[in-house]
Amino acid sequence: MKKWLAYACTLLALALAARLEAGTIKIGVAGPLSGAQAAFGEQFWRGAEQAARDINAAGGIHGDTLELVKGDDACEPKQAVAVANRLVDHEHVTAVLGHFCSSSTIPAFEVYAEGGILSITPASTNPMVTERGLPTAMRTCGRDDQQGVVGAEFTVKHLKAQRVAVLHDKDTYGQGLADAMKAHLATLGRKEVLYEGLTRGEKDFNALVTKLRSVQADAVYFGGLHSEAGPLVRQMREQGLNAPLISGDGIVSETFLTSAGGPKYVEGVFMTFGADPRKIPTGKAVVEKFRQAGYEPEGYTLYSYATMQSIAAALTATKSRDGVKLANWLKANPVETVMGTKRWNAKGDLQTSDYVMYRWTKEGKYEEVADKP
Amino acid sequence: MTGHIFAQQAVNGLVLGSVYGLIAVGYTMVYGIIGMINFAHGEIYMIAAYLTAIFLAGLTLLGLQSPPLAILLVLAATIACTALYGWSVERIAYRPLRHANRLAPLISAIGISLILQNYVRLSQGARTQGIPSILDGGFHLFASGPDAFVRLTHAQLLIVVTAIISMFLLHFFIARTAMGRACRAVQQDRVMASLLGVNTDRVIAIVFVLGAGMAAVAGVLVTLNYGSFDFFIGFVAGIKAFTAAVLGGIGSLPGAMLGGVVLGLAESFFSGFVNTDYKDVFAFSLLVLVLIFKPSGLLGVPEVEKV
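How each quantity is defined
Residues numbered from 1 in each chain as written. Chains lettered and ligands numbered in written order. Predicted model: local features only at pLDDT ≥ 70, side-chain atom pairs only at ≥ 80, totals over all residues. Helix = DSSP H or I, 4+ residues; strand = E, 2+ residues; numbered from the N terminus. Rg over C-alpha atoms; globule rule 2.2 N^0.38 Å. Buried ≥ 20, exposed ≤ 12 C-beta atoms within 10 Å, placed from the backbone. Contact = placed C-beta atoms within 7 Å. Domains from an automatic or database assignment. Nonpolar A, V, L, I, M, F, W, Y, C, P; charged D, E, K, R; others polar. Pairing = 2+ DSSP bridges. Axes fitted to C-alpha atoms, helices over the stretch in contact; angles between N-to-C directions.

Student: Got a minute to help me understand the overall build of chain A in this structure?
Tutor: Counting its secondary structure elements, chain A contains 14 helices and 14 strands. Taking 373 residues into account, the globule formula puts the C-alpha radius of gyration at 21 Å, and chain A, at 22 Å, falls close to it. In chain A, which comprises 373 residues, the share counted as buried stands at 56%. Of the contacts made within chain A by residues no fewer than 6 positions apart, 71% connect residues no fewer than 24 positions apart.

Student: I tried to follow the overall build of chain B on my own but got confused; where do I start?
Tutor: If you tally the helices and strands in chain B, you get 11 helices and 4 strands. Relative to the 2.2 N^0.38 estimate, which gives 19 Å for 307 residues, the radius of gyration of chain B is 20 Å and therefore close to what a compact globule would have. Looking at chain B as a whole, 48% of its 307 residues qualify as buried.

Student: Honestly, unusual backbone geometry in this entry has me stumped. Any pointers?
Tutor: Working note: non-glycine residues mostly have negative phi, and peptide bonds are mostly trans. Residue and element names in this part refer to chain A. Looking along the chain, the bond that leaves Gly98 and enters His99 is cis, with omega of -5 degrees. Position of His99 among the secondary structure elements: in the loop between strand E3 (95-97) and helix H4 (102-115). Residues other than glycine seldom take positive phi values, yet His92 does so here, at roughly 50 degrees. Position of His92 relative to the elements: it lies in the loop between helix H3 (77-90) and E3. On the neighbour-count criterion, His92 (14 C-beta atoms within 10 Å) is partly exposed. At Gln216, a position not held by glycine, the phi torsion is positive, near 55 degrees. By the element assignment, Gln216 lies in the loop between helix H8 (206-214) and strand E8 (219-223). With 13 C-beta atoms packed within 10 Å, Gln216 lands in the partly exposed category.

Student: What exactly am I supposed to notice about the domain arrangement of chain A here?
Tutor: Where interface size is given, it is often the accessible area lost as the parts come together that is meant. Residues and elements named next belong to chain A. What the domain assignment lists for chain A is domain 1 (2-143 + 280-342) and domain 2 (145-274 + 355-368). Computed over C-alpha atoms only, the centres of domain 1 and domain 2 are separated by 31 Å. On the domain 2 side, the residues contacting the 16 residues of domain 1 number 16 residues. Secondary-structure elements contributing two or more residues to the side of domain 1 that touches domain 2 are helix H2 (38-57) and H4. In terms of residue count, H4 provides more of the side of domain 1 that touches domain 2 than any other element does, 3 residues in total. In terms of residue class, the side of domain 1 that touches domain 2 is built from 7 nonpolar, 7 polar and 2 charged.

Student: Sorry if this is basic, but what is going on with the interface of chain B and chain A here?
Tutor: Each partner contributes residues to the interface: chain B has 31 residues there, and chain A has 33 residues. For the side of chain B that touches chain A, the elements supplying multiple residues, two or more each, are helix H1 (3-34), strand E1 (129-130), strand E3 (150-153), helix H9 (233-248) and helix H10 (253-273) of chain B. By residue number, the principal contributor to the side of chain B that touches chain A is H1 of chain B, which donates 5 residues. Of the residues contributing to the side of chain B that touches chain A, the split by class is 8 nonpolar, 15 polar and 8 charged.

Student: What's the story with the sheet that holds E3 of chain A in this structure? I'm lost.
Tutor: Whenever strands of a sheet pair, they do so through backbone hydrogen bonds, lying parallel or antiparallel. Residue and element names in this part refer to chain A. Overall, parallel pairing links the 5 strands, which are arranged E2-E1-E3-E4-E5 in an open sheet. Sheet topology places strand E2 (65-72) and strand E5 (137-139) at the edges, where each strand pairs with a single neighbour. Taken over all neighbouring pairs, the strand axes of this sheet differ in orientation by 25 degrees on average, direction set aside. Two strands pair when backbone bridges link them, and strand E1 (residues 24-31) and E2 are joined in this way by 8 bridges, in the parallel orientation. Pairing of Val29 across the sheet is with Lys70, part of E2. Those strands touched by H3 are E1, E2 and E3, and its axis lies near 150 degrees from that of E2.

Following this line, the structure appears as structure tokens:
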């Protein structure tokens, strides 16, 4: 008798659980939540979490609420694939927001495409993310070939640099960015004086800095992340090499300041990044909400918010959970996001991207370079 | 190629090599005495970097202004703390497995290494941490033009000088003191030494503590020089230092330092005059070459088969 009661209770509990399950839509949030790039993972999570909360408060998706599932790839391609498989097979997510590092995003997006799950990255800028014809792969950021153009134009026309050295960190993102820079430098009639890769995880780049001195570089472009850019710029300044350092969106974090060792080393470092999303008028209310919670929505936080809004918009409009259908809807329809109206092309790239040049100031903040040539 | 660039690369290599050498000493001492690799050694170095930042912040809070005094105090406190870590590693990962299969302590040391890494990650966060630079400035040597000079920062000078002093102190300890004699006895024949009344467990613990102390010196110096660190720096540094120890002849103290400097110079010169992408390939090719022609390393003593 007791046994029978226990079975009945279990069945009832299972039935209830199943009912609750029907009312939620699981969205995976994947990125480096641990590891050296965890600062960016936090930006992803903060943005996605706030967006999901706001969407749920406004009624959810036809009454269903969004539920977020964390996926930590630590910016490791192998772990990213494992995380992707877990999100697809075990968590049964409907869509994925992520990943951060291009080297993680590229293999992970294949897993999502096989599973027919919509995957949008707020930050991976390597062209290969959307160039492989995966029907469910999209992004809400620009591409390195666009970023490299802005970097090269700025270096040649604004900084008037003659002897440009191009460095990278031998990773998919960093080297891709350096290659884009190199390609556009060539079209501007400049040949780089040095093109070399350093090793991620190391701290001593003095030998490379001395080499920069020996080739008399008057501008240094670095494709890579803040964990290497910081020590690199510090050792440049310590060896008396005052050439400007120009980099991409891999150093958009306060952590860059820490890894360089203080504001006096980052002063005069330039970087390309999308027009400051915090200044777009449509996002004002959301930015205020973040600041009230004691969090400055820097870097990719608002990109992550906008990505979650896009996923929600597609879910609402199509009433479908099919990744290809969702992606096709997004590619055909504009979405109102916290970062303004977003439109995608057939590849899944944004139709317009607005890279601008920023400068790190001696207060340790970054600001747009206003005086364009 | 001009002279000052060559000299600058030599300085770069020497500084890098001194750091490798200091960490390598820990590997070589442990190997010399128990014939095993201490895989948790790189993590001790990483913990020393964190302790440096913590103690430095503490001293600043107490209102200590003088950099030399602060550095000395931080060095002493960090060595004391990491010595405790070194002792614990031996106590937890090695001593209970003293008579087990050779593979067992190796695995348990890898386990300790993972535990320490993740313990720091969870307690201190995964973000890159940093300290404000307290040792600014440096010298312009051989200045012969606006761009032609050799730059040696105060922090770099401190690294080389401290490395030399620590090596001499360690050498003195091993060669001249009673405890050092016991260390040498255990290295030559552990069973015989214990039969003659040497407390071998104590000697092995001391060796772990000394190794950790040297890693702490390296951790403090590197943190002062580069200013930033994260929970993963122990891995790369450990691999490089282990390579240096093998290159110099594992088991030999001067060998570890020589191996470190050779490795540092090789990396710097190859990076500076050939290609940075392949500097690690060059460093490891050098290791392979040395081991082919001198299997016991540069200063290692060939192992005599005991009958």
